[in-house]
Amino acid sequence: MPQSQHIRTCVKTVKQLCPLVTLMSTIFVIVITIYISEKVSPVFVFLCMQVYLNWYSVYSISCKSNPMKMREVQSSLCSVVTQQRKYEQPNNVQPPAHNTAYKFWHCERCQSYMCKPTQHCVFCRKCFHFRDHHCFFLGACVLRQNMGNFILFCFYTSLTCLYSLCVLGPYMYENINHIVKNDADYLNIFLNFCFPIALAKLLHSRDSSSILLVTTFDTLMSILCICLVLGIWKLHSCLSGKQRYVNVTGKQSLKEIFGSYGLSNIIFPYNGLIGTRDINGKYELKEV
């Protein structure tokens with residue numbers, strides 16, 4: 001097998017496995033959190049629902065978005081010419097304004113002319129308007145149209161991890177107390193919770209349950225920090241105009257980030273599920 005084909009096979013496998021692994025991991029965290037707390041908290045249920053709903057919104061918008069192609073623009077311009085002829089009457093009625101200047105580029109993979117700003121994603125095998133990046137863990141591309149749902153996904157994932165850590169932390173400390181009870185120094189206690197050192201000690205002691213607890217705790221802590229930093233960074237970049245979509249930048253309002261429903265999407269992602277992410281035709285997002 002050629003090396004290029006082998007790389008494509010590996011990338012395809014990673015693309016298919018990452019969302020599945022992410023889904024199974026979240027289910028495992030939910031089950032272990034409910035098992036340890038011995039109750040189903042409404043707050044935890046709300047946080048989990050928000051994580052999955054915003055995840056689905058990011059994926060749904062990414063799958064449904066189609067870039068504006070050259071033939072669509074040509075038909076749109078033909079309709080404008082027809083309207084102009086219709087309004088050419090003695091009563092001096094002005095035709096509707098249509099001064100949009102379109103630029104195109106040819107996508108060799110899609111074999112079609114696309115309206116700029118558009119970028120092709122080799123993982124989704126399609127072009128996107130205002131594309132930011134492809135998220136392997138969500139299995140979808142993050143666009144300007146679903147950036148608000150991606151930011152909310154990061155924030156709610158951080159809050160869910162924090163809740164699970166608050167439940168898992170005391171339980172884990174009680175179960176590995178036999179390891180840290182002789183370490184009165186806070187630094188030594190911290191090192192016992194640190195993943196590489198704790199894992200080495202637990203492997204030496206052959207305590208499989210403690211290994212699982214420490215691994216889960218450190219993984220949740222890492223996800224919390226990464227998602228929180230990523231969500232804050234993306235929100236700040238959008239509000240400050242530093243966010244770049246295919247070499248296009250510009251400040252965005254909260255309405256442009258989170259959709260026409262604005263901050264009410266924090267409670268429920270209306271724009272990702274029942275609404276549209278096309279704000280006054282600004283993003284040229286089709287079929288959503």
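### Some thoughts on the environment of Arg109
So, step 1. Relative to the helices and strands, Arg109 is located in the loop between β1 (104-107) and β2 (112-115).
So, step 2. Judged by its relative accessible area of 61%, Arg109 is exposed.
So, step 3. C-alpha separation for the pair Arg109 and Cys127, spaced 18 residues apart in sequence, amounts to 9.1 Å.
So, step 4. Contacts of Arg109, omitting those with residues within four sequence positions, involve His120 and Val122.

### Digging into the pairing of strand β5 (residues 131-135)
Sheet faces and side chains relate simply in a regular strand, where the side chains alternate between the two faces.
So, step 1. Most of β5 is tucked away: 4 of the 5 residues are buried.
So, step 2. Taken together, β5 and the strand that follows it, strand β6 (residues 140-143), pair antiparallel across an intervening segment of 4 residues, in which Gly139 is found at a positive phi of about 70°.

### What to know about the environment of Gly231
So, step 1. Relative to the helices and strands, Gly231 resides in helix α8 (residues 208-240).
So, step 2. Exposure remark for Gly231: the relative accessible area of 1% places this residue in the buried category.
So, step 3. Along the backbone, Gly231 and Leu152 are 79 residues apart, and their C-alpha atoms lie at a distance of 7.4 Å.

### A closer look at the nonpolar core
So, step 1. The biggest cluster of nonpolar side chains holds 38 residues, and the ones touching the most others in it are Leu138, Met147, Phe150, Leu168 and Leu220.
So, step 2. Looking at this core element by element, the count peaks at 13 residues for helix α4 (residues 147-175).
So, step 3. In contact with Phe150, not counting residues within four places along its chain, are Val58, His133, Cys135, Leu138, Val142, Leu230 and Lys234.

### Regarding the pattern of salt bridges
So, step 1. If you walk through the whole model with that rule in mind, you get 1 salt bridge.
So, step 2. The salt bridge partner of Asp132 is Lys234, with a shortest N-O separation of 2.8 Å. Taken together, the residues span a long stretch of sequence, with Asp132 in strand β5 and Lys234 in helix α8 at a distance of 102 residues. For the pair shown, Asp132 and Lys234 are each scored as buried.

### Structural notes on the packing of helix α2 (residues 42-64) against α4
So, step 1. Where α2 contacts α4, the two axes come as close as 9 Å, and the packing angle between them is 150°. By the angle between their directions, the pair α2 and α4 is classed as roughly antiparallel. Two packed elements cross with a definite hand, and for α2 against α4 that hand is left-handed. Across the interface between the two elements, Phe44, Phe46, Leu47, Cys48, Gln50, Val51, Asn54, Trp55, Ser57, Val58 and Ile61 from α2 touch Asn149, Phe150, Leu152, Phe153, Tyr156, Thr157, Leu159, Thr160, Tyr163 and Ser164 from α4.

### Looking at the pairing of β6
So, step 1. Pairing of β5 with β6, which is carried by 4 bridges, proceeds in the antiparallel orientation. By the bridge assignment, His133 is partnered in β6 with Val142.

### Overview of the packing of aromatic side chains
So, step 1. Considering all chains together, one arrives at 6 aromatic pairs under this definition.
So, step 2. Ring plane angle 20° and centroid distance 5.0 Å describe the contact between Phe44 and Tyr163, whose orientation is recorded as stacked. In this pair, Phe44 sits in helix α2 while Tyr163 sits in helix α4, placing the two residues 119 residues apart along the sequence. Here Phe44 matches Tyr163 in class, with each residue buried.
So, step 3. Members of the aromatic cluster, each reached through a chain of ring pairs, are Tyr52, Trp55 and Phe153.
So, step 4. Its guanidinium or amino end placed over the ring of Phe130, Arg144 lies 5.5 Å from that ring's centre, counting from NZ or CZ.
So, step 5. In this structure, Lys234 packs its charged tip against the face of Trp233, placed 4.5 Å from the ring centre.

### Side note on unusual backbone geometry
With the exception of glycine, most residues fall at negative phi, and the peptide bonds are largely trans.
So, step 1. Although it is not a glycine, Arg125 adopts a positive phi angle of roughly 60°.
So, step 2. On the secondary structure map, Arg125 appears in the loop between β3 (118-121) and β4 (126-129).
So, step 3. The exposed category is assigned to Arg125, whose relative accessible area is 63%.
So, step 4. Phi at Phe130 is positive, roughly 50°, even though this residue is not glycine.
So, step 5. Relative to the helices and strands, Phe130 resides in the loop between β4 and β5.

### Comments concerning α2
So, step 1. The first and last C-alpha atoms of α2 sit 32 Å apart over 23 residues, in line with the 33 Å expected at 1.5 Å per residue.
So, step 2. Residues Phe44, Leu47, Cys48, Gln50, Val51, Asn54, Trp55, Ser57, Val58, Ser60, Ile61 and Ser62 constitute the buried set of α2.

### So, α4
So, step 1. If you check α4, its first and last C-alpha atoms are 41 Å apart, about what 29 residues at 1.5 Å a residue would give, namely 42 Å.
So, step 2. Its maximal kink placed at Leu168, α4 deviates by approximately 30°, while the proline Pro170 follows within four residues.

Thresholds applied
Residues numbered from 1 in each chain as written. Predicted model: local features only at pLDDT ≥ 70, side-chain atom pairs only at ≥ 80, totals over all residues. Heavy atoms only, no water. Helix = DSSP H or I, 4+ residues; strand = E, 2+ residues; numbered from the N terminus. Buried < 20%, exposed > 50% of the residue type's maximum accessible area, 1.4 Å probe, protein only. Contact = heavy atoms within 4.5 Å. Pairing = 2+ DSSP bridges. Core = buried A, V, L, I, M, F, W, Y, C linked by side-chain atoms within 4.5 Å. Salt bridge = Lys/Arg side-chain N within 4 Å of Asp/Glu carboxyl O. Axes fitted to C-alpha atoms, helices over the stretch in contact; angles between N-to-C directions. Parallel < 35°, antiparallel > 145°, perpendicular 65-115°, else oblique. Left-handed = near helix turned anticlockwise from the far one by under 90°. Phe/Tyr/Trp six-rings, centres within 6.5 Å; stacked < 30°, edge-to-face > 60°. Lys NZ or Arg CZ within 6 Å of the ring centre and 35° of its normal. Expected span 1.5 Å × (residues − 1). Bend = angle between axes of the 7 residues up to and from the residue.

This is a description of form; function is not addressed.
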